[in-house]
Amino acid sequence: MVISSDIKTAIEKNMELMINQTRSYLPFLKIAFPTVRDISELTFNMMVGNALSVFISQFAMRMQSPSEGDFAEFGKIVEPYRSKVKEMF
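None of these values were measured; they are calculated from a predicted model.

### Quick word on the nonpolar core
Ranked by internal contacts, the top residues of the largest apolar core, which has 18 residues, are Ile11, Met15, Phe55, Phe74 and Val78. Listed by contribution, the elements that provide at least two residues to this core are α1 (5-32), α2 (39-61), α3 (68-78) and α4 (80-88). By residue number, the principal contributor to this core is α2, which donates 6 residues. Not counting residues up to four positions away in its chain, the partners in contact with Met15 are Phe44, Met47, Ala51, Val78 and Tyr81.

### A few points about the packing of α1 against α3
Each pair of packed helices gets described by two things: the angle between the helix axes and the distance between those axes. Between α1 and α3, the shortest axis-to-axis distance is 10 Å and the interhelical angle comes to 40 degrees. In the crossing of α1 with α3, the sense of the turn from one axis to the other is right-handed. Where α1 approaches α3, its residues Lys8, Ile11, Glu12 and Met15 are matched on the opposing element by Phe74, Ile77 and Val78. In terms of residue class, the contact of α1 with α3 is built from 5 nonpolar, no polar and 2 charged.

### Here we look at unusual backbone geometry
The backbone of Met63 shows a phi angle near 55 degrees, a positive value even though the residue is not glycine. Looking at the secondary structure, you find Met63 in the loop between α2 and α3.

Cut-off values and rules
- Residues numbered from 1 in each chain as written.
- Predicted model: local features only at pLDDT ≥ 70, side-chain atom pairs only at ≥ 80, totals over all residues.
- Heavy atoms only, no water.
- Core = buried A, V, L, I, M, F, W, Y, C linked by side-chain atoms within 4.5 Å.
- Buried < 20%, exposed > 50% of the residue type's maximum accessible area, 1.4 Å probe, protein only.
- Helix = DSSP H or I, 4+ residues; strand = E, 2+ residues; numbered from the N terminus.
- Contact = heavy atoms within 4.5 Å.
- Axes fitted to C-alpha atoms, helices over the stretch in contact; angles between N-to-C directions.
- Left-handed = near helix turned anticlockwise from the far one by under 90°.
- Nonpolar A, V, L, I, M, F, W, Y, C, P; charged D, E, K, R; others polar.

The values are spatial; any link to function lies outside them.
Written as structure tokens, this is what we have:
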């Protein structure tokens, strides 16, 4: 099943918002987590966790449950943001 365009848009807008917020908090992140080996990966994972809640909420509002294919597509939607996060660090 293909994720509907409005759910995909909600996920992408959430990821873009988080990218912009990460830029704002970048100095804080570097100071707050000095022992983290790969802070870009930590940040990306936290962003994906937040986007996952948006993904699930969008389905819940439609009284639907995501399928295995929907989760796979979710992964494809968020994966390109990994490189955007790495560029910041």
